[in-house]
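So the chains spell out like this:
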Protein chains: 2
Amino acid sequence: MTTYNAPIRDMQFVLNEVLDISKYSNLPGFTDVSQDLIDAILEEGSKLTTNVLHPLNHSGDKEGCVRHNDGSVTTPKGFREAYDAFREGGWQGLSFDTQYGGQGLPYILSLAMNEMVSASNMAFGMYPGLAMGAAQTILAHGSDAQKETYLPKMVSGEWGGTMNLTEPHCGTDLGLLRTKATPQSDGTYKINGTKIFISAGEHDLTDNIIHLVLARIDGAPEGVKGISLFIVPKLHVKDDGSSGDVNGVTCGSIEEKMGIHANSTCVMNYDNATGYLLGQEHKGLKAMFVMMNEARLGVALQGLSMSQISYENGADYALERLQGRALTGPKEPEKPADPLIVHPDIRRMLMDQRAFNEGARHWMYSAGLYADLHHKSPDENEQQSSDDYLGLMTPILKAYLTEKGYWHASNAQQVLGGHGYIQEWGMEQFVRDARIAMIYEGANGIQALDLVGRKLMQDGGRAWQAYFKNIDDFIADNGDVDALKPFLEGLGDTKAKLLEATQWMGANAMQNFDNAGAGSMDYLHLFALTALSFSWAQMAKVAIEKQAGDDSGFYANKIITGQYFLDRMLPDSSAHLAKIKSGSASMMALEAEAF
Amino acid sequence: MTTYNAPIRDMQFVLNEVLDISKYSNLPGFTDVSQDLIDAILEEGSKLTTNVLHPLNHSGDKEGCVRHNDGSVTTPKGFREAYDAFREGGWQGLSFDTQYGGQGLPYILSLAMNEMVSASNMAFGMYPGLAMGAAQTILAHGSDAQKETYLPKMVSGEWGGTMNLTEPHCGTDLGLLRTKATPQSDGTYKINGTKIFISAGEHDLTDNIIHLVLARIDGAPEGVKGISLFIVPKLHVKDDGSSGDVNGVTCGSIEEKMGIHANSTCVMNYDNATGYLLGQEHKGLKAMFVMMNEARLGVALQGLSMSQISYENGADYALERLQGRALTGPKEPEKPADPLIVHPDIRRMLMDQRAFNEGARHWMYSAGLYADLHHKSPDENEQQSSDDYLGLMTPILKAYLTEKGYWHASNAQQVLGGHGYIQEWGMEQFVRDARIAMIYEGANGIQALDLVGRKLMQDGGRAWQAYFKNIDDFIADNGDVDALKPFLEGLGDTKAKLLEATQWMGANAMQNFDNAGAGSMDYLHLFALTALSFSWAQMAKVAIEKQAGDDSGFYANKIITGQYFLDRMLPDSSAHLAKIKSGSASMMALEAEAF
């Protein structure tokens, strides 16, 4: 059976020592964020996730969700109680606006908590995660009355929430969607249509579920310009704010999936359901993107989370399982064999994970800090540059962290050999669960296209240019620290390759857009390696400074792990560049029917 | 639901046009191998696998195997009838010695058939596959009486067979195994112990199952030098050759696994079971390696097979599913959207698979031809060099093809977006099934260690030196064909990197064996890319020669796919070399307790 130990020390390192978030105490929400408060949140979060959520992870997978004939859905045993504990702990509103009952703390602290929730029980985490995304969307686009009606109960966790985009014939291409919204004389709409793949679409954790639904108002323009967003509560909300009669929305079935069995993935049938326009007519996609971007960061975090927990359990096995002898001679000659951890190829798999986990944690939390700065900085330039950073990095984080999360979960499974393939050991569940993150909230190929097709070119390339300048400045400012030189060289070299790729894209994409598409995924990976290099350089700087007086080995290990990143992960950058520069010719040359 | 269309045209190309196996008609078994015979075998094999085996693939996964209280195991619905059809078709003995009822045809034709079996229904294919491995081991090491007793019924498919190596506390490190063999006065042994992860250990497809069991004779030396191999039939064999009473071996339980649910993975309990020594005392591991090497090639083939069938189904979806528009403008403007195949990143995933499938098929079948030459060539030098090739390539094929098979099945799943994650679409089963191939028959890390730790150094490096010389000769002999130059350059460049890596290993592994271990997996991948380059160069040569008069597009497409291999797969070679040369320092530096 698997265990979870939240990497609190590493989280503290990122939050307190590298990002040093106490220096933002001038910002709303950051005022009271002392190191003590951070420690308290991490420790309480760790207790809940380790003791309450993780013990339900495997049983939840085995049991799955059950849909009953009346359309109701029961979550696995223990989920309701666990959700109550989560709700009562006030976790749902941790960083939500205090006006609606949230605690108003920085988003970056929610990220840390969400990492723990996803790692301990990814399927569970989706219930509150989707509700929070829906609440953020209502906060951003709702009327005051809508906010008053829905937000307090969503922020407290009494009500859930979902996002309804996909239909049977359209996933990525939302311009094709057919769900209809017919205006009523009272200003409401009747919603009719079928949505599929609706995570947490129906369940027994909350009294009510607030669905956000994309639909087309009668007579609306075709394509994405005719899509509007609606609030469709599962139960009508009475004047006193409580839940009333059922609305015309039901769960028609739940999907049998590869993983995340404990989360209900529903076909939702809208049959003359009453909906309320959220935001402006025909601007629904833009409004939904508030939720999408939030959700994409949440999915990126799932990738990191799956890599983290699978690493922990792979490492535990490697320390305990005795098998074979070290190549350099027995390490524990008094035992019948050495532990697996003596074998280089076992370490390769675990160190790949470790170097990724620690680098991605800093990168991910940095994005969280930029999200806070975007919303809370008093400086408009900083608001703008933070938003630029987020827009640029969101697709990269989503695609890269989920791909690596999946691949690393599979590596950790490999450490266990045959036992990794057996359900009761729990490693194969991490792989199955991690797999969905590459698909949902925009398949990873879409993220790559978003990066090269939109984010690079927006505002004349302001976002990537500013990011590149940050890197150049960091290298220039820190060149006098000898121990940091390998990190600066690795960063400079990778960034130079990324610049070359960016220029190649600029020169070759305009004449043939397929050149951009053909190189998009490699470009995304090259960008990710640059971002990880930057994270590692920043972490190494702090670790080098603090190493001298440290007996724990934490900083020394940090530097070793960073060196491993340089040695074993960064070399992929040259391959990505070469692939990008090969263009689209051989990729696109076959006639469709030749496939 | 998934479909399977055996890639017969591509198999014909490899067998008839590139390897040109008709030119070996001087060898036993090859005499009657005309193109017509090959075509007939491929077509009959295709019918059986497409019409009988594949329709049971998904239902077999859903239903799984069931163990009853008496220890018997029922395979999924339809498996018995399918097995009867397989057996009655004479497929089991296709390339087995005619003396024992086989057809005596070349092993390479069995490979082609086994590719189809594994692709159409991997879990099914393991039943006859393991029986054949056991039969080969009895053929190689059994007494005449043992061969007479077991082989005819195993070759006809009446009896099954297994290999019993793993015990709860030892998988890779067989020196630790504890199963005991106690000599009896009649020359037999009493076998006592527990074996785990025994594929096809118990089932209802055959009357009897012939287990090959590693055990330690009382008083035997410790470690691998005290292990012997035993034949332990499930049912005693009567003097008339038929199955009699039950022996002391039972299936204690079957494992709940990530995939291959239709194959029973058994815990086998040996309780005073009667066993018969196979081969010499204490030489059991060596004898078992006959089976292991055969099985490793079979597992490599599973990797190719999973990539092939997932490619087919991913491509089918990409041709049908309408979603989005081509970046270069609508391709099918009269439809609401273009098919997925217009999108470069969708093509990237499918072309990765295609370039791998076609290259790996040639490489794999080449290994099959060398196996035939090893056994059947009248020329001792050729026997030796063929054996060298096989020894060198077996670990590379096993690890590389299974890793790519898994990763590609996941890519094909990605093509389907959300539907790829849903069980009824069948793509996620390919991923779950493919996953085991990286683990069993020696986890891939062990293959990499076998390569750098044994195969490279054997006989002073004779095997790799001969292989490198073959490449050099091919390049020298074909330099005058302009259209082939990119392939020769790619091959030469990759081989140069592999040579550099080999020399680095030679120079750095002796002073610190961890340097070899640390680079072993990247070295294996670099070797695989070299082998694929060589395969692609040989295939391109034939395609270039034949392209002119061809209206089908087959050869033109072959060249395009080869160019894609050069553009998009080969660049990884530089990353592998850089990682190898970074050595073991950062990989091995952390104290074990730091993990």
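Calculation criteria
Residues numbered from 1 in each chain as written. Chains lettered and ligands numbered in written order. Predicted model: local features only at pLDDT ≥ 70, side-chain atom pairs only at ≥ 80, totals over all residues. Heavy atoms only, no water. Helix = DSSP H or I, 4+ residues; strand = E, 2+ residues; numbered from the N terminus. Expected span 1.5 Å × (residues − 1). Contact = heavy atoms within 4.5 Å. Least-squares fit on C-alpha atoms with pLDDT ≥ 70 in both. Phe/Tyr/Trp six-rings, centres within 6.5 Å; stacked < 30°, edge-to-face > 60°. Buried < 20%, exposed > 50% of the residue type's maximum accessible area, 1.4 Å probe, protein only. Lys NZ or Arg CZ within 6 Å of the ring centre and 35° of its normal. Buried area = accessible area lost by both parts, 1.4 Å probe. Salt bridge = Lys/Arg side-chain N within 4 Å of Asp/Glu carboxyl O. Polar contact = N/O pair within 3.5 Å; in protein donor to acceptor, adjacent residues only side chain to side chain. Nonpolar A, V, L, I, M, F, W, Y, C, P; charged D, E, K, R; others polar.

1. A few points about helix 7 (residues 144–155) of chain B
Between its first and last C-alpha atoms helix 7 of chain B spans 16 Å; for 12 residues at 1.5 Å apiece the expected length is 16 Å, and the two agree. Where helix 7 of chain B is buried, its residues touch helix 6 (122–141), strand 3 (159–164), strand 6 (208–217), strand 7 (228–233), strand 8 (235–237) and strand 11 (265–277) of chain B.

2. Quick look at the relation of the copies chain A and chain B
For the match of chain A to chain B, the screw axis carries a shift of 0.0 Å, the RMSD comes to 0.0 Å, and the turn is 180°. The relationship between the two copies is best expressed as a two-fold rotation axis. No C-alpha of chain A approaches the rotation axis more nearly than that of A:Ala575, which lies at 3.2 Å. Both copies present the same face, since 100% of the interface residues in chain A are matched by interface residues at the equivalent positions in chain B.

3. Re the packing of aromatic side chains
Per the stated rule, a full pass over the model turns up 46 aromatic pairs over all chains. Consider the rings of B:Phe554 and B:Tyr555, whose centres lie 5.3 Å apart with planes at 90°: the pair is edge-to-face. With respect to burial, B:Phe554 and B:Tyr555 carry one shared label: buried. Over the aromatic face of A:Phe554 sits the side chain of A:Arg9, whose NZ or CZ is 4.0 Å from the ring centroid.

4. Some remarks on the interface of chain A and chain B
Interface size is commonly expressed as the accessible area that is lost once the parts come together. Between chain A and chain B, the contact holds 95 residues from the first and 95 residues from the second. Both faces considered, chain A and chain B share a buried interface measuring about 8100 Å² in area, 59% of it formed by carbon and sulfur atoms. Contact with chain B buries area across many residues of chain A, yet A:Tyr421, A:Arg568 and A:Phe595 alone supply 11% of it, more than any other trio. For the interface between chain A and chain B, the tally reads 6 salt bridges. One salt bridge connects B:Lys62 with A:Glu256, and the closest N-O pair in it is separated by 2.8 Å. Our count for the chain A to chain B interface comes out at 51 residue pairs in polar contact (both at pLDDT 80 or more). The leading source of residues in the side of chain A that touches chain B is helix 15 (residues 513–546) of chain A, at 8 residues. Considering only residue class, the side of chain A that touches chain B consists of 45 nonpolar, 28 polar and 22 charged.

5. What to know about the side chain of B:Lys234
All names here are of chain B. Here lysine 234 shows up in the loop between strand 7 and strand 8. Polar contacts involving the side chain of lysine 234 include one to the side chain of glutamate 202, which spans 2.7 Å. Leave out the neighbours within four places in its chain, and lysine 234 touches Glu202, His203, Asn208, Ile209, His211, Asp245, Val246, Asn247 and Val249.

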